[in-house]
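Next come the chains, spelled out residue by residue.
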Amino acid sequence: SQRYLPVSPGACLGVCFAWMEYFRDGIEAAKGVFDDHIFNRVRSAAVASTMTDAIVKGSLQHEWLQIALVRLISYHSLRVPTPPRILRLVGKSALSTFPSNAYFLSTFIKAEGEHGHMTTRLRRHFDSALDDHGGSQEISPVLWLYATVWEFPRAGARHRLIGLFEKAVKGRARSTV
């Protein structure tokens, strides 16, 4: 059977170009390719329909490209001492568009956990993401699970867990809890 990539050939070429820039000039050059040549084409669906080379914000192609960037920076951070803010900023950007993506969540949690700033930033992220998105969309059970499982080992997390369950039952997640 054939494998299917959820992206255009141009997006694949852009990611290949970013990796070549990375191997030639480093992480900043690769991030520059993503920022200047790939993510500057991301548009809302209404605007993208009038353009030929646009990437629809929130689409499968957009998500695939975000994963490619996070993987590139993760690869880099395993080999070269990297300021944690680089992975944090890219992770937060990806999570703002794809809050229930398990890969982005686990990468963000791992990055925050390695640098000791886990509690405040992750709680802020989960509170923001589980805030029912203004009622505009269902919140994935994956996000509720990550928030809940992350809180279990915390000392004094009983009230926090009760609050998460109350928020889930009151909000739009009622059908998934």
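Below: a short report on this structure. Please read all numbers here as calculations on a predicted model, not as lab measurements.

Attention shifts here to the layout of surface pockets. If a probe the size of a water molecule is rolled over the atoms, the empty space left behind becomes visible. Its volume calculated, the second largest pocket comes out at about 160 Å³. Around the second largest pocket sit Ser-8, Gly-10, Ala-11, Gly-14, His-37, Ile-38, Arg-41, Asp-53, Ala-54, Ile-55 and Gln-61, which together line it. Of all the secondary-structure elements, those providing two or more residues to the lining of the second largest pocket are α1 (9–25) and α2 (27–38). Broken down by element, the residue count for the lining of the second largest pocket peaks at three residues, all from α1.

A separate point is the nonpolar core. Residues Phe-34, Phe-126 and Leu-130 are the most contacted members of the largest nonpolar core, which totals 43 residues. Of all the secondary structure elements, the ones that give two or more residues to this core are α1, α2, α4 (60–79), α5 (84–97), α6 (102–114), α7 (118–129), α8 (141–151) and α9 (158–170). Ranked by residue count, the leading element in this core is α4, at seven residues. Setting aside anything within four residues of it in sequence, one finds Phe-34 in contact with Val-15, Ala-18, Phe-39, Asn-40, Leu-65, Ala-68, Leu-69 and Leu-72.

Take the packing of aromatic side chains next. The relative placement of two aromatic rings is captured by the distance of their centres and the angle of their planes. Enumeration over the complete set of coordinates arrives at nine aromatic pairs. For the ring pair Phe-23 and Tyr-75, a centre distance of 6.4 Å and an interplane angle of 85° mean the geometry is edge-to-face. One end of the pair, Phe-23, is in helix α1; the other, Tyr-75, is in helix α4, and 52 residues separate them in sequence. With a relative accessible area of 57%, Phe-23 lands in the exposed category. Where Phe-98 meets Phe-104, the ring centres are 6.2 Å apart and the plane angle is 40°; that geometry is what we call tilted.

Here we come to the environment of His-37. Mapped onto the elements, His-37 comes out in helix α2. In this structure His-37 comes out as partly exposed when scored by relative accessible area, which is 46%. The sequence separation of His-37 and Gly-14 amounts to 23 residues, and the corresponding C-alpha distance is 7.4 Å. Discounting residues that sit within four places of it in the chain, His-37 has contacts with Phe-17 and Gly-32.

Glancing now at the pattern of salt bridges. Oppositely charged side chains may form a pair once their charged atoms are brought near each other. Counted according to the given criterion, the structure contains two salt bridges. In this structure, Arg-24 engages Glu-21 in a salt bridge whose closest nitrogen and oxygen atoms are separated by 3.3 Å. Note that Arg-24 and Glu-21 are positioned in helix α1 at a spacing of three residues, about one turn of the helix. On the accessibility criterion, Arg-24 (59% relative accessible area) is exposed. Residues joined by salt bridges that share partners form a network here, namely Glu-21, Arg-24 and Asp-25.

Here the focus is the packing of α2 against α4. It is at 10 Å that the axes of α2 and α4 come closest, and there the two elements cross at 170°. When the interaxial angle is binned, α2 and α4 end up roughly antiparallel. Touching Ile-27, Ala-30, Lys-31, Phe-34 and Ile-38 of α2 are Leu-65, Ala-68, Leu-69, Leu-72, Ile-73 and His-76, all from α4. Partitioning the contact of α2 with α4 into residue classes produces nine nonpolar, one polar and one charged.

Criteria and cut-off values
Residues numbered from 1 in each chain as written. Predicted model: local features only at pLDDT ≥ 70, side-chain atom pairs only at ≥ 80, totals over all residues. Heavy atoms only, no water. 1 Å grid on protein atoms, 1.4 Å probe; cavity = no way out; pocket = protein on both sides within 12 Å on 5 of 7 lines; lining within 4 Å. Points joined across faces, edges and corners; volume = space filled by probe spheres on them. Helix = DSSP H or I, 4+ residues; strand = E, 2+ residues; numbered from the N terminus. Core = buried A, V, L, I, M, F, W, Y, C linked by side-chain atoms within 4.5 Å. Buried < 20%, exposed > 50% of the residue type's maximum accessible area, 1.4 Å probe, protein only. Contact = heavy atoms within 4.5 Å. Phe/Tyr/Trp six-rings, centres within 6.5 Å; stacked < 30°, edge-to-face > 60°. Salt bridge = Lys/Arg side-chain N within 4 Å of Asp/Glu carboxyl O. Axes fitted to C-alpha atoms, helices over the stretch in contact; angles between N-to-C directions. Parallel < 35°, antiparallel > 145°, perpendicular 65-115°, else oblique. Nonpolar A, V, L, I, M, F, W, Y, C, P; charged D, E, K, R; others polar.

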